[in-house]
Structure formats: C-alpha cells, structure tokens
Amino acid sequence: MAQVFQNPVQGSLSPEEMMTIFDQEQAKIKAEAEQEQQIQALAKEIEGKFNTDAGQRQRKESEWYWAERLMLGSMWRYWNRWSTDNSENPFEIKDTNVLDADKPEFNIVKPKIRIGQAQLEMMQFGAGTDKNFDIKARKPVEVKSQEKSQAPVFYPDGQTPMTDANGQQMTLGQLAMQKSEADDEAAQKMDELVWGQLQAVEYGRKMRLGIQDMLVYGTAVFKGPFNNSQCKKVRYQVNGPKGPMWISAYTEEAAPDFERVIPWLFYPDHRALSIDEAEHASVVHIYTSTQLRQLTKRGGFRTDAIKRLLQQAPKSNYYQAFRARAIQYNNSKFLDNKFVALEWHGTVGLDDLKRLSIDPPYTNPFDMYKAEIWVCQGEVIYACLEMLEADNTLPFAVCAWEPDPASLFGFGAIMLRDSQRVVNMVYQEVLDNAGLSAGPMAVLDKEAIRPIDGKMELTPRKIFYFSETGLGKSVNDVIQFINVPNNNEQLTAVLSMAREFGDEESMVPLIAGGLTDPQVGDTGATGMALRLQSSTTVLSSKARSWDDNITTKTVGWFYEWNMQYSQRDDLKGDFDVDVQTSTAYLNKIIGQRDIERLLTMTTQDPDLAMIINRTNAARAMVAGMNLPHDSIVNDPETVDQMKQQQAENAKNNPDPAMLKAQADQMNAQAHLQSVENDANQLEFDKQQGMAEAQMQHEQSQANFATRNNEATARAIDAKSKQDVAVLQA
C-alpha cells in the first residue's frame, strides 16, 4: 500500500520537518499493514478450527444424508436433479445393476416424522396460541417469610418510621407485599413486551421448523439474540396548506431477533458433547456477489475487506463438505460463483479485539472475551462482542431427539433405517410372490407341439398342434402347468411385524392408536383434553427436553436483551421464564374447573363459605383464563370503595325495592308468628283433650271396680245364706 506524501503548502515546512512527517506516515502505513496481517492471521486461525470441526463430523453427515433419503423414500433418486439434456427422462435409471435399482418402496418414515412433528407442535402450542411461556417475578424464600411479619420498618437512619398513604406506620409485611406487587407488575410488562417482540420475528414458525429438523436430523439448532431493525409505520397530524392533514412515516428501532440454523450449516467444537461445553462454533453462510455486496449496508461490516473479496473470484474448493453433500443429489453446480462466509463465535483475546477496533465496555480478569467474527476467504469482514455482556455461553440453543453419546448432534430418522430396509425387502417379496402366484407357469415340449401363430406364449383361446415328433403323445406329456403357492399371508405378517418394530423405535404407536388413561373418567372438553394428553404421554419427555433446551433459552435471550438494552426501567427486574406447554394448559383447565366447583359448594355450605375467600377465588379463576384479567378485574382497593359506596347509598337513600322487601319480610314474620300461635293452641287443645280422656278412662275403671266388688259381695252373701240353710236342715 505505497502512498506518496504531498505537502499541502509548499515551503511552509523545512526539509527536516517534512522528512519527519514522511517517516511518521510511513510508520503508520507499516503499522496498519502489520495490523491487517495480524487480522488475517486471526482469520486463518478461525478457518483452521472450522476445517478441523468439519473434518470430524463426516459420519454424522452420512447419517443426515441417509435420513433425507429415508424421508424422501424412492423420490430421493430424482430430487434436485440436474440434467444437461432436458429431453432425458429423470425417472429412468440406466444402470439396473446398482444396489438402489428402481424398485417400489413402502415409506414408513415420512408418516411417522409428520405425526411426531404434529404431536410435538400440539404439546408446545396446544393452548390455541403460539405463546407457550410466562415471565414471572422470582419469589425468594426470605421475601415470602417477610410478608407475614408485623415488625415496624424505618428509614435508613433507623429512627424515622416509614408510613403509608394514610400516615400509618408500615410493617415489614406490608413493605414486602408492596415489593412483591411491584415485581409482579414489572414481570407482566416484560412478558407483554417479549411476546410482542417474538411475534414480530415469527417465533411460532421458526419453532416448528426446528421441530422438523430435530425429527429428521436428530438435532434442532437456534441462534440468538442479535440486533435487527424493526420498522414501524407511524401516523401524525401536521398543518398543511389547506389545513390539518395526516401523513405517514416509517421509523426504525433496534429489536432482538433469533433464527433457526440448519444442522448442515452448523459446525460446533467437535470435542464438545453439549453446546454448554463447546468453546467455539461456526455457522456457514453462502452468498452470491450481490448478497456479499449488500452486507456493506449493514452496520459493523468492514467495507474494505468486502471490496477486496469482490475483486477476486470465489474459491470453488473452499467448502468441500457442503459441496460433497450437493454432489450426492447430482447438484454439483450449487456453489458455482458463490462465496462461503464463516460466522464464528468463540473466545478472543484483548489484543485481537483492539486490532479489530473493539473496546470492551466491561473488564475481564483474564482479558478473554466472547466475540462474533465473520471470515470469508482469509478476510475478516465483521467483528463485534457477543450481544449479551458477561455471558459465558455461546449464543446457541441445541436440542437432540435421541442423544448421541459421542457427539453434540443426536439421532433422528436414521434410527428407522433398519425397519425401512426390512419393510422394503418384504414389500418387494410380497409383490413378487403376488405376481408369480397370479397365474400358472407352463412347461412345454417345443419339439412336440407348434403354436398356430408361431409364438410360444400362452394367450386366451390359443391353438397348438402336434408336430411329427409329438404324434402319439398325450397332451399331458407335452404341456404341464405349475401353480406357484401364494405366501402373501405369511409375508404380510412379517411386513406388519417390521412396521410394529418401526412404531416402537419411533415412539409413535400410542399417538397413532390414541390410547386413553382408564383413570380419566371426566367427560366434556376437559375429559377429551386429558385423553389427548394421555395418548401422547410417550412424547412428554421429548417435549420437556425441548422446553429446557430451546423454549426457556430462547425466551431468556429476549429477556436478557431487554434488561441490557431497553430504555424502560418500569419492566426490569429479577424474573424467571415459566414454560407453559399443553400439559400446563390442561392443568390450568382442571384448576379452573375445581375453582368453579368450590365456588358452587360455598353457596350450599355456610361453614365452607366462612373458610373460602370467594373474591380471591374468582380472581384466580379469571387469571387462569386467556383474558386480559388485569384490565377487567378490579383491584382490592376499588372493590372496598365500591362496597363502602353501596353501604352509604343504602343508608342515605333507601331503595324502594329494599323497603318493600323489608315489609314483605316483616309480614312474613308476622304470618309465621300467627301460624306458630295457632300451632301452640292446637297443641294445648290436644293436650287438654288427652287429659280429659284420661280422667274419663280412670273414672270408668273405678266404676267398673266398684260394680265388680258389689257383685262379689252379693255372691258371698248368697253363699253364706246357702250354707246356713244347709246347717238348719
């Protein structure tokens, strides 16, 4: 980079001064050249790490290639096919001796992938919305214990008591409750902001694409957060020549974003078995010259380095791994005249950052910082610190379907390769046996018979005649038929067994069968939802793994971005991400049902009504619905004011309906008293009548006893007289 120094004002400097300035300029040029060489050396180091990582995952790429073949079925031979002759039939396989000849196949992999994808999507977004999380304020144990404390609180001087709006001294419990309510309000605002930002970057669509990657390749990869300009259309009123008028304008503001990374283009540290262990990772970008030129319009990209790249042709052998994959699909032209750029994330020393004109805003005791560096053909075209300060992890979220004990990447559709091979082999045998047993095989004596048409083929109503050699022979001697036995029943059983093995390996049978839990006896929408949950229990562990590795991390990126870059202090705080999948949604439905039952029971049981706070129960029921409960439910202070107002209105302005109700109540009470008096009178009369009857009964008994005694006396007297008469005789 030789430059000629020119003195702007001739004769204003001495030769010695001019020489000094010239030497300084030469030293500056030399220092810049050395600095550029060191930057290019850093680029070479990054490319070396990438080449090492790419060379260590060839086995995994072979698995992905076979996974794509299994997913496509027999169409893998013709997918993305290039041909120099448009008249050539792409479905014609000229070499019939190859292992994969053009034979019919029965694809069991693709339906299982689609079913698994649909079920996982339902588990993640089964609540009728793509929002499957809540951001909530953390509740430390010590804060919860303070909410019931009655200890008075003072200002930092230790003497001045803290008072509330009414001038009453506050307790530690009241202060803790105020802090908790403020944290909940800030968490709600953060939740609304994060969800709006995720909607703007198509959160649901990207998640669904990631689920498909995990099922096919065995691994889903996401990268974030990174800045992305969010364009908004605003309208405002101005004074025009004919009066006020409305105009539209567009504004741009920085917003967080994330993206799904295709596993083929993701190259993590080959030594790591999880993304948390990886010290670096690369993402491959493939650009045309136009796309590379457009990068100069994005902030932070080094225009001079990109111009140097555009002055030279793209290196066709720079990215051999991806080219090899393209060749597998007969698409060797994919990388023609394209640049391959590496987006590298890893640890960089402070000296390298200074050469890249990066001054860290925070201090690291080891002078090592997480950075993002883009490299293309030996040039550093972009460099910056990671978006989240002091974050020790790489900006990637990775989730595997079936973990690989020797790799960061997992297993996906490749797990069904054996089952698919058996199905294909047996399916071919079924077709072959069906064809052979469809008609008889014939054994002919060509010398003994001659066909009338000269063709030794069996057709309907065909005529044969005996030759001279065949004269004297019977028909059975010159032609015989053999019927091949049909074994399709046995072969179909083997085919079904192979499909069942595929069901077990893919963990799909419970989903396809829709099995239910016998303990679930509830009917209605809740019962159906519980049955659906029971039928997909086999995928619950996979859904939880997705929650832990993808959803929580992705939402956490946006929360951390807002904590660091948002200008709104009213939504910041110490929060947690609570993932709300379909399981949590079903639990919420059950909870709402239980609250409704509880409220009904309180109207029937006075003792229970004294225990249950119906107001709080109603608040909990509304909060569990997908409604803006904060805007439709009155706060406790408003409810108390409304009750006081109703009491005052009832005292000062009696309601006519209330007065009538009171009069009716008094009349009812008077009528009740009259009924009670009549009942008492009846009871008295009844008791009096019973007493009189008892007296009459006793009198009758006494009279009966008297008459009995008189009769006895008369009998004794008659007996005495009889005895006297006997003695006198």
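Residues numbered from 1 in each chain as written. Predicted model: local features only at pLDDT ≥ 70, side-chain atom pairs only at ≥ 80, totals over all residues. Heavy atoms only, no water.

A few words on the nonpolar core. Ranked by size, the top nonpolar core spans 67 residues in total, and within it Leu120, Leu198, Phe222, Phe258, Phe266 and Trp546 carry the most contacts. Excluding residues within four positions of it along the chain, Phe258 makes contact with Leu198, Val201, Tyr203, Lys206, Met207, Phe222, Lys223, Gly224, Phe226, Thr554, Trp557 and Phe558. Counting residues in each nonpolar core, the second largest holds 17 residues, with Leu353, Leu356, Ile358 and Val380 among its members. (Core = buried A, V, L, I, M, F, W, Y, C linked by side-chain atoms within 4.5 Å. Buried < 20%, exposed > 50% of the residue type's maximum accessible area, 1.4 Å probe, protein only. Contact = heavy atoms within 4.5 Å.)

Working note: regular strand, side chains alternate between the two faces of the sheet. Across the nine residues that make up strand S7 (residues 368–376), a large majority, eight, are buried. As paired elements, strand S6 (residues 339–349) and S7 share eight bridges and run antiparallel to each other. Residue pairing in the sheet places Leu342 in a bridge with Val375 of S7. The pairing of S7 with strand S8 (residues 379–385) spans six bridges and is antiparallel. (Helix = DSSP H or I, 4+ residues; strand = E, 2+ residues; numbered from the N terminus. Pairing = 2+ DSSP bridges.)

Moving on: the environment of Lys110. Considering the arrangement of structural elements, one finds Lys110 in helix H3 (residues 109–125). Once the C-alpha coordinates of Lys110 and Glu68 are considered, the two residues, 42 residues apart in sequence, prove to be 9.9 Å apart.

It is worth spelling out the sheet that holds S7 at this point. Overall, antiparallel pairing links the five strands, which are arranged S4-S5-S6-S7-S8 in an open sheet. Bordering the open sheet on either side are strand S4 (266–268) and S8, each of which pairs with just one other strand. Here the strands of the sheet are splayed against their neighbours by 25 degrees on average, with no regard to which way each runs. (Axes fitted to C-alpha atoms, helices over the stretch in contact; angles between N-to-C directions.)

We now examine the confidence of the model for the chain. Per-residue confidence for the chain gives a mean pLDDT of 79; residues scoring 70 or more make up 76%. Below pLDDT 50 for its whole length, residues 80–91 participates in 15 contacts with residues either more than four positions away or in separate chains. Counted against residues more than four places away or in other chains, residues 510–523, with its pLDDT under 50, gives 22 contacts. (pLDDT = per-residue confidence, 0-100.)

Quick look at the layout of surface pockets now. The computed volume of the second largest pocket comes to approximately 810 Å³. Lining the second largest pocket are 30 residues; nearest its centre among them are Phe226, Asn227, Arg298, Glu372 and Trp374. Secondary structure elements with two or more residues in the lining of the second largest pocket: strand S2 (219–240), strand S3 (243–261), strand S5 (281–287), S6, S7 and S8. Counting residues per element, the lining of the second largest pocket draws most heavily on S2, at seven residues. The residue makeup of the lining of the second largest pocket, split by class, is 16 nonpolar, seven polar and seven charged. (1 Å grid on protein atoms, 1.4 Å probe; cavity = no way out; pocket = protein on both sides within 12 Å on 5 of 7 lines; lining within 4 Å. Points joined across faces, edges and corners; volume = space filled by probe spheres on them. Nonpolar A, V, L, I, M, F, W, Y, C, P; charged D, E, K, R; others polar.)

So, on to the pattern of salt bridges. Tallied over the full model, the rule gives 34 salt bridges. Of the charged contacts, one joins Asp576 and Arg138 as a salt bridge, the two residues approaching to 2.5 Å between their closest N and O atoms. Of this pair, Asp576 sits in strand S14 (residues 575–579) while Arg138 is found in the loop between strand S1 (133–137) and helix H4 (141–146), placing the two residues 438 residues apart along the sequence. Measuring nitrogen to oxygen at the nearest pair gives 2.7 Å for the salt bridge that ties Lys179 to Asp183. With Lys179 and Asp183 both in helix H5 (residues 172–200) and four residues apart, the pair spans about one turn of that helix. Three or more residues joined by partner-sharing salt bridges are found here, namely Glu36, Arg302, Arg308 and Glu379. (Salt bridge = Lys/Arg side-chain N within 4 Å of Asp/Glu carboxyl O.)

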